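# Structural characterization, general
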Amino acid sequence: MKQGYHGFYMKLFWCAALAAATASAQTFAGSQALDEAITLAIQQGKLPGAVLVVGHNGQISHRKAYGKRALMPAPEAMTVDTIFDIASLTKVVATTSSLMKLFEQGKFRLNDKITDYIPEFQAGKSDITIRNLMTHFSGLAPDVPLNQPWTGYETGIRLAAGTKPQGPPGARFVYSDINFILLGELVHRLSGQMLSDYARQNVFEPLGMRETMFQPPSSLVPRIAPTERVSLNGPPLRGVVHDPTARNMGGVAGHAGVFSTADDLSRFAQMMLNGGELDGVRVLSPLTIQKFTEPQSPPDQPILRGLGWDIDSPLSGNRGELFPIGSFGHTGFTGTSIWIDPFTKTYVILLANSVHPTARPALTPLRSKVATITAAAVGVSVAGVKLTGYNETFAGAGVHRELARDAKTLTGLDVLEQQNFQPLQGKRVGLITNQTGLDRGGRRNLDVMRKAGIQVAALFSPEHGFAGAEDRPGIADATDSATGIKIFSLYGKTTRPTAEMLRGIDALVFDIQDVGARFYTYETTLGYALEEAARAQIPFYVLDRPNPITGTHVEGPLLDATETSFTGYFPGLPVRHGMTMGELARMFQGENKINVALTVIPLTDWDRGDWFDSSGLTWVNPSPNMRSLAAATLYPGLALLEATRGYSVGRGTDAPFEQIGAPYAGGRELAAYLNRREIPGVRVYPTMVGAVEGVRFVITNRDLFDATRLGLEVAAAIQHLYPGKLDLGANRKLIGSADVISRLAAGEDPRSIEQSMTDELAQFLKRREPYLLYR
């Protein structure tokens, strides 16, 4: 009885809210333009009718029915309570939301193989993961065979499980109903309930979505919008799912089959905007919603898909031209669509039956217009909205679309020079630097500091020495010939400044150009120097310099805590971290609790998306074999395997880190193998690397290119073509991850390995966020 009263009052409350919405819709700034756009489309014959609901800031701003619900056998006016076959909106409203519930209960992990739960899929031999299915990067065909008649839910699952992939997982986006047929069955196997029952009990009923269901009863048929005629002279489908595969499966499937109203879907959308709660009822965790609606597609792909949800793909026309990337939605073949923007707290639900009585072209142009009008009316534009967390969520997820800039970047040295080195005046300075420590005019930091009256008492040099010309261990102390100042080597008898070296020093200044890779040892020198400055209670200054390979690309295995060394200072740091030295110093200090007075002198006119060639700065080789921006871009991948005996990255040749070779390698076969892998953003051709055969790499699209994916592909190629030649254990300090090493050893596809790191990289992005200095 109590439950009945609760439902009664909830219905009264929602009716009152809808009545209030009618009044507020009259004042919505976009209403007239929305009316005109939809009415014109109806007049042009693009759809018989539609229902549109727009919500903003927790209120319904526009709610209206247009045109006809049915054209045959007799015309019927569209009403706002019309029930629609929402087609592929089933994928997000029912299947994805059900999986979100099960995910919260720990029933599965995104990187689990689907064969772990549906063992008959591909006879148990497949690397396709749940993440692959949910992002449509599984390589499966768009649908199961329909050329021969069949019926039954079990038959549909058997066909989905047995349909051969068209390509490997993670390689390319193919929108596939098979993906969600399998995911609907996953709900069944994890919960012991059919998707229709699980979604009703765990999503629809808690949200008060009382007219959302699979297999609607005949009593609702008069309010259901008919769809297509399945035979030339037959009646249109009405109350029976339009999708032929779902219809063959009895009306319940993970990809299609749900019927709903615009009002019910508005409740669902508001729950998503509220972080999983509606009217005091919590359905999902805010963290789960964030997880499922942020980019989860492979990081080297330009298409952005969440888990189930579309973000930016060829199918996301219903985002319009003003809602920002980071909003999300979906469409349905029958003419339905939903778009949700958490940044402006807005949703757009447009339900139509454009396939009635026969199929018409997709409503993409109308959906786009409706979304654009709505976004403009709520005052949003991509330039005008502060996308809190945007850089962190999307920079590490494949969104690298910054236009190349012609900046006039000033390094921390340049900035301090403009201030006449005021923070260092009156101090005895220890300067940690090398040949890269030049100002924008090409003058040494040492010289401009002395000219400004700064007393530089000692110099410290990292690997490769003060002049950056040495490529050997055991570099001895030296003296700067121009000034007579002692140079203490931090790559000789010690890798840390000792108490004796620091005696009489009032401030340590670090000014070295990095290349943005975890195992480039200048980063470890920075970390060690911070620790020793803390012990000696000496203030520490970092004169920041750009990350030459951008601050947006974040890639590769994260360093295990057991694998720290001089080539890997900080546990949890990915191979390509997208941070400047100043940001790394802040992170090292904060995460390692280094009690040092740290000051970073930031860059000016440098954005996270800038490559080095946008800075206007002169390239100075950071080390003897790092001779170009192309080499720095390839380095995080090709150097992953450098500890392998006989494996050459071209040191001492004319193009180190742009080529690899080995005595056992065949250049033609290795190049052919790697090119067949279709690694985004790079091509390969055979060459001679010194006296041995090898391959050279040409970056064709650096914004799509993932260096560590290339490194994994090279490892897999060597294992496949030259068994026994790759010593993965020897490279454990460089690769840094025991999990990645074990996956490579097991012969797992590099695309799958890359996908397996997605969650860890997302956690790193959040971890680094407090320490970032640049947008």
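Reading guide: rules and limits
- The numbers attached to residues start from 1 for each chain and follow its sequence in the written order.
- At least 70 in pLDDT is required for a residue's local features to be given in this predicted model, at least 80 for side-chain atom pairs to be given and counted, and no such filter applies to totals for whole chains, interfaces and linings, which use all residues.
- Here the side-chain values reflect all heavy atoms present in the structure, with hydrogen atoms and water set aside.
- Residue-level confidence of the predictor is summarised by pLDDT, bounded by 0 at the bottom and 100 at the top.
- Residue contacts are defined here by distance: any two heavy atoms, one from each residue, within 4.5 Å place the two residues in contact.
- A pair of strands is considered paired only if DSSP assigns at least 2 bridges between the two.
- Where helices and strands are cited, they refer to DSSP runs of H or I of at least four residues and of E of at least two residues respectively, numbered from the N terminus.
- All axes are obtained by fitting lines to C-alpha atoms, using only the stretch in contact for helices, and the reported angles, taken between N-to-C directions, cover 0 to 180 degrees.
- Pairs of N or O atoms within 3.5 Å make up the polar contacts considered here, provided that, within protein, one atom can donate a hydrogen while the other can accept it, and that residues adjacent in sequence are counted only when both atoms are side-chain atoms.
- Throughout this description, any angle smaller than 35 degrees is read as roughly parallel, any larger than 145 degrees as roughly antiparallel, any in the 65 to 115 degree range as roughly perpendicular, and the remainder as oblique.
- For a crossing to be left-handed, the near helix must be turned anticlockwise from the far one by less than a right angle; the clockwise case is right-handed.
- Polar here means any residue other than Ala, Val, Leu, Ile, Met, Phe, Trp, Tyr, Cys and Pro, which are nonpolar, and Asp, Glu, Lys and Arg, which are charged; Gly is therefore polar.
- Put simply, two rings from Phe, Tyr or Trp (the six-membered ring, in Trp's case) pair if the centres are within 6.5 Å, and we call them stacked under 30 degrees between planes, edge-to-face over 60, tilted for the rest.
- Relative accessible area decides the class of each residue, using a 1.4 Å probe on protein chains only: under 20% of the type maximum gives buried, over 50% gives exposed, and in between gives partly exposed.
- Definition used: whenever NZ (Lys) or CZ (Arg) falls within 6 Å of the ring centre and also within 35 degrees of the ring normal, the charge is taken to sit over that ring.
- Crossovers are marked right-handed if the path from the first strand over the helix to the second runs clockwise, as seen with the strands pointing away from the viewer.
- What we call a nonpolar core is a set of buried Ala, Val, Leu, Ile, Met, Phe, Trp, Tyr and Cys residues that are connected through their side-chain atoms within 4.5 Å.

### A short note on the confidence of the model for the chain
Looking at the chain, pLDDT values average 93 and 94% of them are 70 or higher. When the criterion is pLDDT under 50, residues 1-25 qualifies, and its contacts beyond four places in sequence or with other chains add up to 20 contacts. Predicted confidence for residues 380-393 stays below pLDDT 50, and this span has 28 contacts to residues more than four positions away or in other chains.

### Observations concerning the sheet that holds strand β19 (residues 540-543)
Ordered by their spatial adjacency, 7 strands build an open sheet running β16-β17-β15-β14-β18-β19-β22, and the pairing between neighbours is mixed. Two strands close off the open sheet at either side, each with one partner strand: β16 (478-479) and β22 (598-601). The pairing of strand β15 (residues 455-461) with strand β17 (residues 486-489) spans 3 bridges and is classified as parallel. Following the sheet pairing, serine 461 is matched in β17 by serine 489. Lying on the sheet, helix α17 (residues 581-591) is in contact with β18 (507-511), β19 and β22; it crosses β22 at an angle near 160°.

### Focus on the side chain of serine 313
Following the sequence through the fold, serine 313 ends up in the loop between β10 (310-312) and β11 (328-332). Reaching out from serine 313, the side chain makes a polar contact with the side chain of aspartate 310 at a distance of 2.9 Å. Discounting chain neighbours no more than four positions away, the residues touching serine 313 are Ile303, Leu304 and Arg305.

### Observations regarding the packing of helix α19 (residues 667-676) against helix α20 (residues 707-721)
One can describe the packing of α19 onto α20 by two numbers: an axis separation of 10 Å at closest approach and a directional angle of 125°. When the interaxial angle is binned, α19 and α20 end up oblique. The interaxial crossing formed by α19 with α20 has right-handed handedness. The segment α19 lies against α20, with Glu669, Leu670, Tyr673 and Leu674 engaging Glu713, Val714, Ala716, Ala717, His720 and Leu721. The residue inventory of the contact of α19 with α20, partitioned by class, reads 7 nonpolar, 1 polar and 2 charged.

### Observations concerning unusual backbone geometry
Most peptide bonds take the trans form, and the phi angle of most residues other than glycine is negative. A cis amide bond links methionine 72 with the next residue in sequence, proline 73, at an omega value of 5°. The omega torsion across histidine 356 and proline 357 is -10°, close enough to zero to call that bond cis. Positionally, proline 357 belongs in the loop between β13 (346-352) and α11 (364-377). Here glutamine 122, not a glycine, exhibits a phi torsion of approximately 50°, which is positive. Considering the arrangement of structural elements, one finds glutamine 122 in the loop between α3 (90-104) and α4 (130-135). A positive phi is found at aspartate 279, a non-glycine position, where the angle reads about 55°.

### Points about the packing of aromatic side chains
Applying the stated criterion to the full structure yields 18 aromatic pairs. Their ring planes at 55° and their centres at 5.9 Å tell us that phenylalanine 137 and phenylalanine 173 sit as a pair that is tilted. With phenylalanine 137 in the loop between α4 and α5 (153-162) and phenylalanine 173 in the loop between α5 and α6 (177-191), this residue pair connects regions lying 36 residues apart in the sequence. Given the relative accessible area of 0%, phenylalanine 137 is considered buried. An angle of 90° between the planes, with centres 5.3 Å apart, marks the rings of phenylalanine 612 and tryptophan 619 as edge-to-face. Look at tryptophan 619 and you get partly exposed, because its relative accessible area is 24%. The aromatic ring of tyrosine 528 is capped on one face by arginine 496, whose charged end is 4.0 Å from the ring centroid.

### What to know about the environment of glutamine 422
The topology assignment puts glutamine 422 in the loop between α13 (412-418) and β14 (428-433). In sequence terms glutamine 422 and aspartate 243 are 179 residues apart; their C-alpha atoms lie 72 Å from each other.

### Topic: the pairing of β19
Going residue by residue along β19, you find Phe540 and Val542 tucked away on one face and Tyr541 and Leu543 tucked away on the opposite face as well. As defined by bridge partners, β18 adjoins β19 across 3 bridges and the pair is classed as parallel. When the sheet's bridge partners are listed, leucine 508 is paired in β19 with phenylalanine 540. Between β18 and its parallel partner β19, the chain crosses via helix α16 (residues 522-536), and the hand of that crossover is right-handed. Inspection of the sheet shows β19 paired to β22 by 4 bridges, in the parallel sense. Looking across to β22, one finds that valine 542 is bridged to valine 600.

### Overview of the nonpolar core
Counting residues in each nonpolar core, the largest one holds 96 residues, and the members touching the most others are Leu526, Phe540, Leu674, Phe697 and Val714. Counting 83 residues, the second-largest nonpolar core is a separate cluster that includes Ile178, Val203, Ile224 and Leu284.

### Notes on the sheet that holds strand β24 (residues 682-689)
The antiparallel open sheet is built from 3 strands, whose spatial order is β23-β25-β24. Two strands close off the open sheet at either side, each with one partner strand: β23 (659-661) and β24. Pairs of neighbouring strands in the sheet enclose a mean axial angle of 25°, with direction left out of account. Of the strand pairs in this sheet, β24 and strand β25 (residues 692-699) are connected by 8 bridges, and their pairing is antiparallel.

### A look at α17
Because an α-helix packs 3.6 residues into every turn, residues spaced three or four apart end up facing the same way. What α17 keeps buried is the set Met581, Gly582, Glu583, Leu584, Ala585, Met587 and Phe588. Once α17 finishes, lysine 593 follows within two positions and takes phi at roughly 55°, a positive value.

### Overview of the packing of α3 against helix α10 (residues 286-293)
In contact at an axis separation of 10 Å, α3 and α10 are set at 125° when each is read in the N-to-C sense. For the element pair α3 / α10, the angle class is oblique. By crossing handedness, the relation of α3 to α10 is classed as right-handed. Of α10, the residues touching α3 (which contributes Thr96, Leu99, Met100, Phe103 and Glu104) are Thr288, Ile289 and Phe292.

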